[in-house]
There are 2 protein chains.
Amino acid sequence: MTRVSFKAQMLRAREDAIVAAVNRLLAERGFDAMTVDAVAAEVGIAKASLYKHFESKEALAGAAMIGAVDRALVEIERLAHDPEHGTDFERLKALTRWAMREQLAGEMPSLPSQTSALRAALSANKAFVERLMQLSDLLGAWIGAAQRARQLDAKLPSEVVLYTLYARACDPAVALLKSGGNYDDEQIVELLLQACFGGIAARGA
Amino acid sequence: MTRVSFKAQMLRAREDAIVAAVNRLLAERGFDAMTVDAVAAEVGIAKASLYKHFESKEALAGAAMIGAVDRALVEIERLAHDPEHGTDFERLKALTRWAMREQLAGEMPSLPSQTSALRAALSANKAFVERLMQLSDLLGAWIGAAQRARQLDAKLPSEVVLYTLYARACDPAVALLKSGGNYDDEQIVELLLQACFGGIAARGA
DNA sequence: GTCTATATCAAGATAGAC
DNA sequence: GTCTATCTTGATATAGAC
């Protein structure tokens, strides 16, 4: 009864391939510079066929953004049960590390900068907004716990920490350091993680 | 002999007005979403006239980006002689504060995200590259001095600190906090400055 | 150097056959 | 649901008169 028809499986696989292509192009070029022709070419189907699956460029991007948030939610779930990360503070750090690695791998679609045409469309996308709120709630809980445990700075409002972490997931400093060519991916991640959590000012004394 | 003709003054004023409009639109919408029509409308002249002053959209943006770097250089010069900021560490902090205020005022054109069509054009713009190197050299000197004075974390490579500060000048966290509506502009600046220099992890103990 | 009018082209979206 | 061919729009850039 729960068996899924072969046709439906094919449909699903095709749409997954489309979303994956959009995700990559979104990470590589951003929404404005991504063309629907490029998506079609990457998937290997005609542009008109794309529009049978998604009704607009905004819908394509929306599906990819939902996928990105979902991957973050999956990673959160994984970290919550990973004995290697014993505190919420460590889990927040591990999640930020994961986000930076995704960015370096070209799999993190950059957040729509304040102004992008995408922003309005995403605000109207209920599935996206709902998942983003879920993500924010989970992170907010971790942040609050880590502040009470005195591992995160309790003087910073939780909102400031949350937005700071969101911003680090698309930090241009990652690409700048990468193009500098002096550090490999893992070094970039650890250096920026240190700058984010520890700050650039000296500690101690 | 050094007198400048009235006509040349008018020309200069007109071009300054154009660059100012481009700067604002670049800050508000970014390069891709900025149209030459919008620039013309904002300045109040015909689009064809714009092209008598600048040969392309990229040239327009280049002029605005050069202007932004120049404003930073002027601010650096001012800070270097301001007795209120006695150390290079304090000057770096003050410059970052200035950049965040510019961003909130809508006067900081966002850095071309890794992929923008603008990036290639800027790399080929000698005047821009030259000024950006000048800026980087000045900041690099301040960073090195602040690290030797043990006020900036000496374990972070100077390059990491430099790129981190560049990234904070267009930090999306600024706009996120602004749209959150819980803090006024000055509070946003001070909170993010604290997160950047002090880090989000707890200090002490 | 400024204007109006237009050329040109890229890109989002659709028609209609299979 | 996939294709080829086409429509339509919006945006960069230019022609040509004044």
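Preceding block: the structure.
Residues numbered from 1 in each chain as written. Chains lettered and ligands numbered in written order. Predicted model: local features only at pLDDT ≥ 70, side-chain atom pairs only at ≥ 80, totals over all residues. Heavy atoms only, no water.

> How would you explain the relation of the copies chain A and chain B if you had to name every residue and give the values?
Mapping chain A onto chain B calls for a screw motion: a turn of 180° about the axis and a shift of 0.0 Å along it, with 0.0 Å RMSD after fitting. The symmetry that links the two subunits is that of a two-fold axis. It is Gly 199 of chain A whose C-alpha, among those of chain A, lies nearest the rotation axis, at 1.7 Å. (Least-squares fit on C-alpha atoms with pLDDT ≥ 70 in both.)

> Describe helix H2 (residues 36-43) of chain A, and please don't skip the residues or the numbers.
Residues and elements named next belong to chain A. If you check which residues of H2 are buried, you get Val 36, Ala 38, Val 39 and Ala 40. Buried residues along H2 sit against helix H1 (6-29), helix H3 (47-53) and helix H4 (57-80). Two residues or fewer after H2 comes Gly 44, characterised by a positive phi angle close to 90°. (Buried < 20%, exposed > 50% of the residue type's maximum accessible area, 1.4 Å probe, protein only. Helix = DSSP H or I, 4+ residues; strand = E, 2+ residues; numbered from the N terminus. Contact = heavy atoms within 4.5 Å.)

> How would you explain the environment of Leu 92 of chain B if you had to name every residue and give the values?
Residue and element names in this part refer to chain B. Structurally, the position occupied by Leu 92 is in helix H5 (residues 88-104). Through-space distance from the C-alpha of Leu 92 to that of Glu 107 is 20 Å; in sequence the pair is 15 residues apart. If sequence neighbours within four positions are ignored, Leu 92 has contacts with Leu 139, Trp 142, Ile 143, Ala 146, Leu 152, Leu 165 and Phe 197.

> Residue-level account of the environment of Ala 167 of chain A, with values.
In this structure, Ala 167 of chain A sits in helix H8 (residues 158-168). What makes Ala 167 of chain A buried here is its relative accessible area of 1%. C-alpha of Ala 167 of chain A to C-alpha of Ser 49 of chain A: the two residues are 118 residues apart in sequence and 35 Å apart in space. Beyond its immediate stretch of four places on either side in the chain, Ala 167 of chain A contacts Asp 171, Pro 172 and Ala 173 of chain B.

> Give a detailed account of the interface of chain A and chain B, specifying residues and quantitative values.
On the chain B side, the residues contacting the 46 residues of chain A number 46 residues. With both sides pooled, the region where chain A packs onto chain B buries about 3800 Å², and carbon together with sulfur makes up 63% of that total. Its largest share of buried area at the contact with chain B, chain A owes to Tyr 163, Ile 200 and Arg 203 of chain A, together 17% of the area lost on that side. Taken together, the connections running from chain A to chain B amount to 2 salt bridges. Between Arg 168 of chain A and Asp 171 of chain B there is a salt bridge; the shortest N-O distance is 3.1 Å. Our count for the contact surface shared by chain A and chain B stands at 20 residue pairs in polar contact (both at pLDDT 80 or more). (Buried area = accessible area lost by both parts, 1.4 Å probe. Salt bridge = Lys/Arg side-chain N within 4 Å of Asp/Glu carboxyl O. Polar contact = N/O pair within 3.5 Å; in protein donor to acceptor, adjacent residues only side chain to side chain.)

> I'd like to hear about empty space enclosed by the protein, residue by residue, with values.
Across all of its chains, the model carries 1 cavity of 30 Å³ or more by this definition. Considering only enclosed or pocket space, the largest cavity measures out at about 130 Å³ in volume. Looking at the largest cavity, it is lined by 13 residues, and the ones nearest its centre are Arg 168 and Cys 196 of chain A together with Arg 168, Ala 195 and Cys 196 of chain B. The set of elements that each furnish at least two residues to the lining of the largest cavity consists of H8 and helix H10 (185-198) of chain A together with helix H8 (158-168) and helix H10 (185-198) of chain B. Among the residues making up the lining of the largest cavity, the classes are represented as 7 nonpolar, 2 polar and 4 charged. (1 Å grid on protein atoms, 1.4 Å probe; cavity = no way out; pocket = protein on both sides within 12 Å on 5 of 7 lines; lining within 4 Å. Points joined across faces, edges and corners; volume = space filled by probe spheres on them. Nonpolar A, V, L, I, M, F, W, Y, C, P; charged D, E, K, R; others polar.)

> Can you tell me about the side chain of Glu 159 of chain A, naming the residues and giving the values?
Structurally, Glu 159 of chain A can be placed in helix H8. In this structure, Glu 159 of chain A is buried with no salt-bridge partner, the nearest side chain bearing the opposite charge being Arg 119 of chain A at 12 Å. (Lys, Arg positive; Asp, Glu negative; His and termini not counted.)

> Go over the layout of surface pockets, please, and point to the residues and values.
If you add up the space inside the second largest pocket, you get close to 200 Å³. As for the second largest pocket, its lining consists of 11 residues, and the residues nearest its centre are Ala 202, Arg 203 and Gly 204 of chain A together with Arg 150 and Gln 151 of chain B. Tallied by class, the residues present in the lining of the second largest pocket amount to 4 nonpolar, 2 polar and 5 charged.

> Please give an account of the pattern of salt bridges that cites residues and values.
If charged atoms from side chains of opposite charge come close, those side chains can pair. Taken as a whole, this structure holds 32 salt bridges over all chains when the rule is applied. Across the pair Arg 78 of chain B and Asp 82 of chain B runs a salt bridge whose closest N-O atoms are separated by 3.5 Å. Classification of Arg 78 of chain B as partly exposed rests on a relative accessible area of 45%. Overlapping salt bridges, with partners in common, bring together Arg 24, Glu 28, Arg 29 and Glu 42 of chain A in one network.

> Requested: an account of the protein's contact with DNA strand C, with residues and values cited.
Neighbouring DNA strand C are 16 residues, the closest being Tyr 51 of chain A together with Arg 14, Ala 46, Ser 49 and His 53 of chain B. Contact distances for DNA strand C include 2.8 Å between a phosphate oxygen and a side-chain N or O atom of Tyr 51 of chain A. One of the side-chain N or O atoms of Arg 14 of chain B is found 2.8 Å from a phosphate oxygen in DNA strand C. Sorting the residues of the surface near DNA strand C by element identifies H2 and H3 of chain A together with helix H3 (47-53) of chain B as the ones contributing at least two each. Among the elements that line the surface near DNA strand C, the one with the most residues is H3 of chain B, at 4 residues. Its residues placed into classes, the surface near DNA strand C shows 7 nonpolar, 4 polar and 5 charged. (Near = heavy atom within 4 Å.)

> Mind laying out unusual backbone geometry, listing which residues take part and the relevant values?
Positive phi outside glycine occurs at Arg 150 of chain A, with the angle close to 60°. Its relative accessible area of 62% is what places Arg 150 of chain A among the exposed residues.

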